[in-house]
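The residues making up each chain are set out below.
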Amino acid sequence: VFSNPLAGFIADKFKVTNRILLASSVFTMIAALFISIPGFTSFFSLDITQKTFFIGIGIILKGLFICTIIPLINSETLNFLHTHKMDPRKYGEYRVMGTLSWILTTFLVGILLGVTGLIDIPPLIMGSGFLFLALVSYDGVKAKIRKVVIPWNYLKKDNHFLRFIVFAFFQGFGLLSAFSFTAYFMDDVKLGFIAIGISFAVSAVTEIPIMFKSKKIAEIIGNRMMVILGTAALIIKFILLTL
């Protein structure tokens, strides 16, 4: 709810419109450090209240800034395709790198946790990743961000788009909430770290052919049916989890 408006405010207030990706990456890296602090018991003697405070601050910072990063990367990818006169439906062929890195990272972190049991290590890995992203994005994003006046009258008249916004809100609410708690759920049913890491890795494998063949799929069944099928798959997943 607050992350993207906050990013817009920071961009306007501090005149960093093309470096908001850098700022978001730095704050997410700081969030990872806050989350990992309670794990270093040899350096910090913290009680449960103090540990909760540090982790809570980290989670809030992460939530506020990580959500701005994905749409910025998506915008950069689309801007790259437009700049080089390429079909924007080739988007998936580039963003599949995110899927591949997710598969590799979740698998390796699951193995690392299963072998060492050091739960404070993954936040540091996350922080390192966003430090790298901050360095890569130091020169700023290429997409030109312009202030626009939102045509509210057009929006009011566009019932199709209004319904889509409502759908996106509820779908995002359910998807993000379920995603956050799936790992806790797996832990409750006594799955080990290795099994959790492998399950998260395997669950993303189906994205690879969809990313590579998104143009062909869209031509055959259309964007609407892709949204319907994707949502149906999520519903089936949630029903299976509750059973």
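One can find the structure itself at the top, above this paragraph.
Presented here is a report on the structure given in the accompanying data block.

What counts, and where the lines are drawn
Residues numbered from 1 in each chain as written. Predicted model: local features only at pLDDT ≥ 70, side-chain atom pairs only at ≥ 80, totals over all residues. Heavy atoms only, no water. Helix = DSSP H or I, 4+ residues; strand = E, 2+ residues; numbered from the N terminus. Buried < 20%, exposed > 50% of the residue type's maximum accessible area, 1.4 Å probe, protein only. Salt bridge = Lys/Arg side-chain N within 4 Å of Asp/Glu carboxyl O. Axes fitted to C-alpha atoms, helices over the stretch in contact; angles between N-to-C directions. Left-handed = near helix turned anticlockwise from the far one by under 90°. Contact = heavy atoms within 4.5 Å. Nonpolar A, V, L, I, M, F, W, Y, C, P; charged D, E, K, R; others polar.

A few words on the overall build of the protein chain. Check the secondary structure of the protein chain and you find 10 helices and zero strands. Tracing the protein chain from N to C terminus, the helices and strands come up as α-α-α-α-α-α-α-α-α-α. Along the first, second and third principal axes, the C-alpha atoms of the protein chain reach 60 × 45 × 35 Å. Per-residue burial for the protein chain yields a buried fraction of 25% across its 243 residues.

The tally for this structure, following the rule as stated, stands at one salt bridge. The partner of Glu-93 in a salt bridge is Lys-90, and the shortest N-O contact between them spans 3.7 Å.

Locating Leu-108 in the fold gives a position in helix H4 (residues 91-116). On the accessibility criterion, Leu-108 (46% relative accessible area) is partly exposed. In this structure, the C-alpha to C-alpha distance between Leu-108 and Ile-194, residues 86 residues apart in sequence, is 8.7 Å.

Moving on, we come to unusual backbone geometry. If you check the backbone angles, Lys-85 has positive phi at about 55 degrees while not being a glycine. Tracing the backbone through its elements, the reader meets Lys-85 in the loop between helix H3 (48-83) and H4.

What follows concerns the packing of helix H7 (residues 159-188) against helix H8 (residues 193-203). How two helices sit against one another is set out by the angle between their axes and by the gap between those axes. In the contact formed by H7 and H8, the axes pass within 10 Å of each other and the chain directions differ by 145 degrees. Both H7 and H8 take part in a crossing whose hand is right-handed. On H8, the residues touching Phe-179, Thr-182, Ala-183, Met-186 and Asp-187 of H7 are Ile-196, Ser-199 and Phe-200. In terms of residue class, the contact of H7 with H8 is made up of five nonpolar, two polar and one charged.

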